[in-house]
Amino acid sequence: MDRTRTRTRRLPSALAAAAAVAALAALSCSTLVGPGAGAAAAEAATPVAPGSLTRGADAAVPVLAGRTITDGERTVRVPGRSPSLLGASGDGYVVTTELDGRRPVLLLDGSGRRTLVDDLGTDDARLASDGSVVALTRYRFAAQRSRVRVLDVATASIAQRRGFEGFADVLDADATRVVVSTFPPRATMLWDLAADRVELVGRQPGYAASLADDRLAVYTGDPYRGGCSRVVRLQDPSRTLWRSCEERVTAFAPGGERLATVGLLADGRGPQDVWARGTDGTLLQHYTVAGWFGLVQWEDATGLLLDSHGVRRAALVRCDTDATAGATDAGCERAGDLRAVTAGP
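This text gives an overview of the structure that appears in the document. (Residues numbered from 1 in each chain as written. Predicted model: local features only at pLDDT ≥ 70, side-chain atom pairs only at ≥ 80, totals over all residues. Heavy atoms only, no water.)

## As for the overall build of the chain
Helix and strand counts for the chain stand at one helix and 29 strands. Residue burial in the chain is summarised as follows: out of 345 residues, 52% are buried. The contacts of the chain with a sequence gap of at least 6 include a subset with a gap of at least 24, amounting to 45%. If you sum the accessible surface of the chain, you get close to 14200 Å²; carbon and sulfur atoms cover 49% of it. (Helix = DSSP H or I, 4+ residues; strand = E, 2+ residues; numbered from the N terminus. Buried < 20%, exposed > 50% of the residue type's maximum accessible area, 1.4 Å probe, protein only. Contact = heavy atoms within 4.5 Å. Areas by Shrake-Rupley, 256 points an atom, 1.4 Å probe, with all protein chains shown as cover.)

## A word on the nonpolar core
Val274, Tyr287, Phe293, Val296, Trp298, Leu304 and Leu306 are the most contacted members of the largest nonpolar core, which has 19 residues in total. It is strand S25 (residues 292–298) that contributes the most residues to this core, three residues altogether. Apart from residues no more than four positions distant in its own chain, leucine 306 is found in contact with Val274, Tyr287, Phe293, Leu295, Val296, Ala315, Leu316, Val317 and Cys319. Ranked by size, the runner-up nonpolar core spans 15 residues in total, among them Val133, Ala168, Ala173 and Trp191. (Core = buried A, V, L, I, M, F, W, Y, C linked by side-chain atoms within 4.5 Å.)

## What about the packing of aromatic side chains?
Aromatic rings in a pair are described by how distant their centres are and how their planes are angled relative to each other. Throughout the structure, instances matching the rule amount to five aromatic pairs. Summarising the aromatic geometry, the rings of tyrosine 139 and phenylalanine 141 are spaced 4.9 Å apart at their centres and angled 75° between planes, so their arrangement reads as edge-to-face. Classification of tyrosine 139 by relative accessible area gives buried; the value is 18%. (Phe/Tyr/Trp six-rings, centres within 6.5 Å; stacked < 30°, edge-to-face > 60°.)

## Focus: the sheet that holds strand S7 (residues 105–109)
By way of backbone hydrogen bonds, the strands of a sheet pair with one another, either parallel or antiparallel. Here we have four strands laid out as an open sheet, ordered S5-S6-S7-S8, and antiparallel in their pairing. Every other strand in the sheet has two partners, leaving strand S5 (81–89) and strand S8 (112–117) as the edge strands with one partner each. Across this sheet, the average inter-strand angle for adjacent strands is 30°, counted without regard to direction. Here strand S6 (residues 92–98) runs beside S7; their pairing, made up of four bridges, is antiparallel. In the strand pairing of S7, tyrosine 93 is matched with leucine 108. (Pairing = 2+ DSSP bridges. Axes fitted to C-alpha atoms, helices over the stretch in contact; angles between N-to-C directions.)

## Points about the layout of surface pockets
Empty pockets left among the atoms are what a rolling probe the size of a water molecule brings to light. The computed volume of the second largest pocket comes to approximately 290 Å³. Lining the second largest pocket we find 19 residues, and of these Ala65, Thr70, Leu316, Gly336 and Asp337 sit closest to its centre. At three residues, strand S2 (residues 63–65) tops the list of elements feeding residues into the lining of the second largest pocket. Looking at side-chain class alone, the lining of the second largest pocket contains eight nonpolar, five polar and six charged residues. (1 Å grid on protein atoms, 1.4 Å probe; cavity = no way out; pocket = protein on both sides within 12 Å on 5 of 7 lines; lining within 4 Å. Points joined across faces, edges and corners; volume = space filled by probe spheres on them. Nonpolar A, V, L, I, M, F, W, Y, C, P; charged D, E, K, R; others polar.)

## Considerations on the sheet that holds strand S3 (residues 68–71)
The three strands are arranged S2-S3-S4 in an open sheet whose pairing can be described as antiparallel. Every interior strand has two partners, whereas the edge strands, S2 and strand S4 (74–77), have only one. For this sheet, the mean inter-axis angle between neighbouring strands, taken without regard to orientation, is 25°. Two strands pair when backbone bridges link them, and S3 and S4 are joined in this way by four bridges, in the antiparallel orientation. Counted as the bridge partner of threonine 68 is arginine 77 from S4.

## Considering the state of the cysteines
Each disulfide is one covalent bond, formed between the sulfur atoms of two cysteines. Per the stated rule, a full pass over the model turns up two disulfides. A sulfur-sulfur distance of 2.1 Å marks the disulfide that ties cysteine 319 to cysteine 332. Residues cysteine 319 and cysteine 332 are joined by a disulfide whose S-S torsion is about 110°; by sign, that bridge is right-handed. Placement of the pair is cysteine 319 in strand S27 (residues 313–320) and cysteine 332 in strand S28 (residues 332–334), with a sequence separation of 13 residues. By relative accessible area, which is 11% here, cysteine 332 ends up buried. (Disulfide = S-S within 2.5 Å.)

## As for the pattern of salt bridges
As enumerated under the stated definition, the model contains 16 salt bridges in all. Between aspartate 174 and arginine 177 there is a salt bridge whose closest N-O contact spans 2.9 Å. Classification of aspartate 174 by relative accessible area gives buried; the value is 11%. Beyond isolated ion pairs, a larger network of salt bridges with shared partners links Arg55, Asp58 and Asp337. (Salt bridge = Lys/Arg side-chain N within 4 Å of Asp/Glu carboxyl O.)

## Focus on the pairing of S27
Counting buried positions along S27 yields six of eight residues, so the element is predominantly enclosed. Bridge count between strand S26 (residues 303–309) and S27: seven bridges; the pairing is antiparallel. In the sheet register, leucine 304 faces S27, and the bridge partner there is cysteine 319. What sits between S26 and S27 in their antiparallel hairpin is a turn of three residues. Sheet topology note: the S27/strand S29 (residues 339–340) ladder contains two bridges and is antiparallel. Each residue of the ladder has a partner; that of arginine 313, found in S29, is alanine 340. Where S27 lies against S28, three bridges are found, and the strand directions are antiparallel. For valine 317, the partnering residue across the bridge sits in S28 and is arginine 334.

Structural data, given as structure tokens:
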């Protein structure tokens, strides 16, 4: 899979939020803001207006628009309704979709489609960053425990499984390791699949991670009750690279030297503002749109893809985060065709 982050991590879903609030309600959190976190308000923003941008090349990484995956010059149609792209695996793509009253996990490749999971139901699914396995997570309300199963994409069989206390959230995975956040208990853990051994990374719940880039973002507490966001190294979580009480990470760039962030409490159909920062919080760009941003994904170490929804038109937009900040359309072009804005994200 490409090393951009298509799902690095949102505020907890409705399921996660209920557990998160209960777990973090007692925390007392600082409101100090780390380097550069408050600078965004003072810096000029680059307005992104899809209808006024010139058309550039298609995105060089897989992206989903509607029911079509575009990957450079290649396009793949996803069957069913409300599909979600988990990422690339080999020469194919792993997706979830609504099909015949079920929610299967499918591998779409040159030979057609193969069912990896017949019905995901309410379980969560995350594709490993190398495309080798899919982590399937189920939360059991009655037991207040989660079960994580690791499915091998090549064989469509379960390779490993493990139970965790509380609500478990898989943040990233590869063929040998899985990063798991839980609450309660508040913790971030690294699961070694070969040894079936779990190592505690820290006592703060993570919400975004990149194994390839040794990056982890955690909440210091419930963000609705004063909690902030910290970015650390997975291998050295005691050292804070950046801290913000105003923004949270939504994607790590390949190489780990840049972040894309949104407002700490941004939720719903999508944020109106996205910031590009260095790992230490240095502000590089601030993008704003009249409607909302959907997908926020790094195309490479400096190029950011923004699914931008204006007043009437929407399009996938590519922005060069090294361009001059603040100028109208600075460093931005369309990486997809224009389409009408819909009522939802």
